[in-house]
Structure formats: C-alpha cells, structure tokens
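# Per-entry structural report
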Amino acid sequence: MELIRIPALSDNYIWLLCDENKHCVIIDPAESEPVIDILAANQFIPAAILLTHHHHDHVGGVPGLLKQHPELPVYGPEETQHKGATYIVHEHDTINTGSFSFRVMELPGHTLGHIAFYQAPYLFCGDTLFSGGCGRLFEGTAEQMFSSLEKILSLPDDTLICCAHEYTVSNMKFAKAVLPNNQIIHDYYQETLKLRENNQATIPTNLQTEKKINVFLNCHDIYLQKNIGIKPNSMSLSSVFQQLRAYKDRF
Ligand SMILES: [Zn+2]
C-alpha cells in the first residue's frame, strides 16, 4: 500500500491509498483538479471515493471526479447523501473494494454524522482528531466528541492518523499554553514548527505520539485541569473536555 497526501485549498489534505495494482481510494476530495493530476501522472485507477462528513472542503471535488469517472462508487454517511454519496454506510460496515477493506467508525461531534474509515494501520478521520487538536463542535455535543476520541484511543498505538487539515502548529501553541511545563509538548512544537518552515507536512501522525502531545486526549491530566481553572478531579472527563474545547475556541 502507498499513502499519498495531496495538499488542497488553504490547509486541507486529500488522501489517496493505493495498492500494488495501482488501484486507489480517494478520501475527502476537497477539490478535483489536484486529484485528477496525480491519478494521471501515476496512472492510478480510482476504485472509490470515501467521504467522512458533509462539509464543502471534504466533498467539493466529488462532482469533478465523477465527471471523469461516472461509475466511481462514493461511500459516506447519511449527511453526504446530497453531496454525491451513492452508498450510505454506518458503524461496523465494511467497505470491500479490490484489495481494500475499510471498517466504518461513527464519530459524531464535529458534525452529527461524521464517520472515519479504518484499515490498519490507516485511520482516515476527517475533522475529528487532528495532530495536537480536535475538530470544532459544529453540530454535536462535547460528550459525543469525547466518546468519539475515546473510540479512536481504542485503536493500536501504531495507527496512522490521516486527518484532513494541517493545523498542528497552532494546536501546539495552544497545547503549550495549557501545559507550559511539558517538555514533550515543547519539543513537538519546535519540531513541527521547523517542518512547516521548510514547507513539509506534519501529517500523518500516529496515535502513540498523539497520546503524548494532544491535550484533548489528556483531559485526565491534573496539571491541565488546574491550568484551565478546574479543581483537579472535581468533574467528569467529558466536562473537562468541554471546558478545554471552549477555551481553545476563544484562544
Ligand atoms: Zn469539517
């Protein structure tokens, strides 16, 4: 398998996962042109489009791709039905096409119908988990998003987090504000800053790294709780998450 990351719009990533026979799946095509160019340059044969949620910067390229490949199946949650999805998928569904086999995980929070596609070690999680951060709560509750992140945490440590945005540096600035004395967070900030200065991507990340540097996966940390004004262990972890997410929204 070969994983290809295509930068799109201002800070989106479109993902391609390709097998040995040059068949590939396209995940969250924000736009069609850069995908069509990569397909042509490598003589890849598209097998399917996978959509994580209905936002325009994840589905905008569907019409353009279908124009070139009218038979291409498009898998997505119910909320993408009018954004080009031809197959509606739910929790535990498996998408088998060619040598690919993706398990669907429902991850509400950023939107109510948000899903991810998992084929070990790849997790295409759209706008749910970012490196150092998580998606905004546009439709779901903090409790829903917290459970969605816990679901991701149940995957193996070597899971590759293929998220849809390059937000790492600004997320790490926030992480430094929340846990100023954490050396691992400080080092990761410096590392990702350097990558971005050299115009390199910080994504994919892996779950093992995220467990150490992502404050949204560390709501149990008593220093984190103290630093955002919560008396340690005085509330549920999903309530800590809610306050942390609200603090990030204002940051
Ligand atoms: Zn979104």
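Residues numbered from 1 in each chain as written. Predicted model: local features only at pLDDT ≥ 70, side-chain atom pairs only at ≥ 80, totals over all residues. Heavy atoms only, no water.

Looking at an unreviewed UniProt entry, the chain carries the name Hydroxyacylglutathione hydrolase, with the source organism given as Xenorhabdus vietnamensis. Word for word, the UniProt comment on the chain under Catalytic activity (unreviewed entry) is "an S-(2-hydroxyacyl)glutathione + H2O = a 2-hydroxy carboxylate + glutathione + H(+)". (UniProt positions renumbered as here; feature names shortened; annotations may be inferred.)

## Points about the overall build of the chain
Summing up its helical and strand segments, the chain has nine helices and 14 strands in all. Computed over its C-alpha atoms, the radius of gyration of the chain comes to 18 Å, within 12% of the 18 Å expected for a compact globule of 251 residues. Along the longest, intermediate and shortest principal axes, the C-alpha atoms of the chain span 55 × 40 × 30 Å. Sorting the 251 residues of the chain into buried and exposed places 52% on the buried side. Expressed as a percentage of contacts within the chain between residues at least 6 apart in sequence, the contacts between residues at least 24 apart total 59%. When the accessible surface of the chain is totalled, it reaches about 11,200 Å², and 48% of it is carbon and sulfur. Positive and negative side-chain charges in the chain, numbering 18 and 28 respectively, have mean positions lying 9 Å apart. (Helix = DSSP H or I, 4+ residues; strand = E, 2+ residues; numbered from the N terminus. Rg over C-alpha atoms; globule rule 2.2 N^0.38 Å. Buried < 20%, exposed > 50% of the residue type's maximum accessible area, 1.4 Å probe, protein only. Contact = heavy atoms within 4.5 Å. Areas by Shrake-Rupley, 256 points an atom, 1.4 Å probe, with all protein chains shown as cover. Lys, Arg positive; Asp, Glu negative; His and termini not counted. Charge placed at Lys NZ, Arg CZ, Asp CG, Glu CD.)

## Focus on the UniProt feature "binding site: Zn(2+) 1" (unreviewed entry) in the chain
Following the UniProt record, one finds the feature "binding site: Zn(2+) 1" (unreviewed entry) at His53, His55, His110 and Asp127. A maximum C-alpha distance of 10.0 Å places the annotated residues, which cover 75 residues in sequence, within one compact spot. From the set just named, the residues that line the largest pocket comprise His55, His110 and Asp127. Among the secondary structure elements, His110 is positioned in the loop between strand E8 (100-106) and strand E9 (115-119). With relative accessibility at 4%, the residue His110 sits in the buried group. Beyond its immediate sequence surroundings of up to four residues, His110 is in contact with His53, His55, Asp127, Gly135, Arg136, Leu137, Phe138, Glu139 and Met145. Reaching out from His110, the side chain makes a polar contact with the side chain of His55 at a distance of 3.1 Å. Since its relative accessible area comes to 4%, Asp127 is described here as buried. Ignoring anything within four residues of it in the chain, the contact list for Asp127 reads His53, His55, His58, His110, His114, Gly135, Met145, Ala164 and His165. Here the side chain of Asp127 touches His110 through a polar contact of 3.2 Å, side chain to side chain. (1 Å grid on protein atoms, 1.4 Å probe; cavity = no way out; pocket = protein on both sides within 12 Å on 5 of 7 lines; lining within 4 Å. Polar contact = N/O pair within 3.5 Å; in protein donor to acceptor, adjacent residues only side chain to side chain.)

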